[in-house]
Amino acid sequence: MITDQFTLFLKMGGAGLTIGLVISMFIFAKSKQMKQLGKLAIGPAFFNINEPIIFGTPIIFNPIMLIPFIIVPTLSVIIGYFAISTGIVPPFTGVTVPWTMPPVLSGLITGGWRLALLQLAIVVMSVVIYAPFFKMQDKLICEQEKEAELNED
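This text gives an overview of the structure that appears in the document. (Residues numbered from 1 in each chain as written. Predicted model: local features only at pLDDT ≥ 70, side-chain atom pairs only at ≥ 80, totals over all residues. Heavy atoms only, no water.)

Here the focus is the overall build of the protein. Each helix and strand counted, the protein has six helices and zero strands in total. Ordered by position from N to C terminus, the α and β elements of the protein give α-α-α-α-α-α. Each of the 153 residues in the protein was classed as buried or not, and the buried ones make up 45%. Of the contacts made within the protein by residues no fewer than 6 positions apart, 72% connect residues no fewer than 24 positions apart. Summing over all exposed atoms, the protein offers an accessible surface of approximately 8300 Å²; the carbon and sulfur share of this is 71%. Of note, the protein has its 9 positive side-chain charges centred 11 Å away from the centre of its 9 negative side-chain charges. (Helix = DSSP H or I, 4+ residues; strand = E, 2+ residues; numbered from the N terminus. Buried < 20%, exposed > 50% of the residue type's maximum accessible area, 1.4 Å probe, protein only. Contact = heavy atoms within 4.5 Å. Areas by Shrake-Rupley, 256 points an atom, 1.4 Å probe, with all protein chains shown as cover. Lys, Arg positive; Asp, Glu negative; His and termini not counted. Charge placed at Lys NZ, Arg CZ, Asp CG, Glu CD.)

Turning to a nonpolar patch on the surface, a few remarks are in order. A contiguous nonpolar surface patch, about 900 Å² in accessible area, is contributed by V95, V104, L105, L108, I109, W113, L117, L120, V124 and V128. Among the secondary structure elements, those contributing two or more residues to the nonpolar patch are α5 (105-111) and α6 (113-152). At five residues, α6 tops the list of elements feeding residues into the nonpolar patch. Assignment of secondary structure puts L108 in helix α5. (Patch = residues over 30% accessible without salt bridge, like charges linked within 9 Å, V, L, I, M, F, W, Y side chains within 5 Å. Salt bridge = Lys/Arg side-chain N within 4 Å of Asp/Glu carboxyl O.)

What follows deals with the packing of helix α2 (residues 32-46) against α6. Contact geometry for α2 and α6: axes closest at 8 Å, N-to-C directions at 125°. In terms of orientation, α2 lies oblique with respect to α6. Here K32, Q33 and M34 of α2 lie close against α6, whose contacting residues are F134, D138, I141, E145 and E149. (Axes fitted to C-alpha atoms, helices over the stretch in contact; angles between N-to-C directions. Parallel < 35°, antiparallel > 145°, perpendicular 65-115°, else oblique.)

Mapped onto the fold, F69 is located in helix α4 (residues 63-85). Along the sequence, F69 and Y130 sit 61 residues apart, while their C-alpha atoms lie 8.1 Å from each other. Non-local contacts of F69, meaning those with residues more than four positions away in its chain, are made with A15, G16, T18, I54, I59 and Y130.

Next up on the list: the side chain of D138. Take D138: it is sitting in helix α6. Comment: no salt bridge for buried D138; closest opposite-charge side chain is K30, at 6.3 Å. Ignoring sequence-local partners within four residues, the contact set of D138 consists of F28, A29, K30, S31 and M34.

Here we take up the layout of surface pockets. Looking at the largest pocket, its volume works out to about 230 Å³. If you trace the largest pocket, you find 16 residues lining it, with T7, L8, V97, P98 and W99 closest to the centre. Considered class by class, the residues forming the lining of the largest pocket number seven nonpolar, seven polar and two charged. (1 Å grid on protein atoms, 1.4 Å probe; cavity = no way out; pocket = protein on both sides within 12 Å on 5 of 7 lines; lining within 4 Å. Points joined across faces, edges and corners; volume = space filled by probe spheres on them. Nonpolar A, V, L, I, M, F, W, Y, C, P; charged D, E, K, R; others polar.)

Quick look at unusual backbone geometry now. Following T57, the chain continues to P58 via a peptide bond in cis, the omega torsion being -20°. In this structure, L17 takes a positive phi of about 50° despite not being glycine. Under the relative-accessibility criterion, L17 is labelled buried at 0%. Even without being glycine, F61 reaches a positive phi, approximately 60°.

Counting through the fold element by element, T110 comes out in helix α5. The exposure class assigned to T110 is buried, which follows from its relative accessible area of 0%. One polar contact links the side chain of T110 to the main-chain carbonyl oxygen of S106, over a distance of 2.8 Å. When near neighbours in sequence (up to four residues on either side) are disregarded, T110 contacts Q5, L8, F92, T93, V95, V97 and L115. (Polar contact = N/O pair within 3.5 Å; in protein donor to acceptor, adjacent residues only side chain to side chain.)

This is the structure:
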C-alpha cells in the first residue's frame, strides 16, 4: 500500500505541502513582500517547486511557519493512508508520474478521479491550516514595512 506513489500525499507544492501556503499568500496577503512572493511562487508551486517559499517566507528557523510545515504533511499522510486502507480511494495503479506533475493531475493519472479529489481536499486542508499562521507572519511583515516607511520620512 505504501509505494513510491504515496509521496503524492506528501509533496504537493513541494516539501511541507507548501502549495497551501502559496494559495494562502495569494488570497490573504496584505504586505507588499508577501503579495509579491505569492505572485512569484504560484507557478512553481503547481509543479511542486517550493524553494521560493522555503527561503522567501522564510520557513527555515521560523517558529511560526514551522508548526504548519510539520502538521500539514503529517495529516496528509494520515488522511491518505486511511483513505486507501478503508477503500475510499483505490490502491495506486502502478503508474509513476514525474515529481513535477501538478497535484490533482498526478492523482488522476496515478489513481483515478477519487485520488484526484482526495488530493484537492488535502490542498484545501493545507490552505485552512496554513492560513492563520500565514496571517500572523504577514502581520509582522506589515508592521516592519510600516516602520521602514516611517524611518524613510
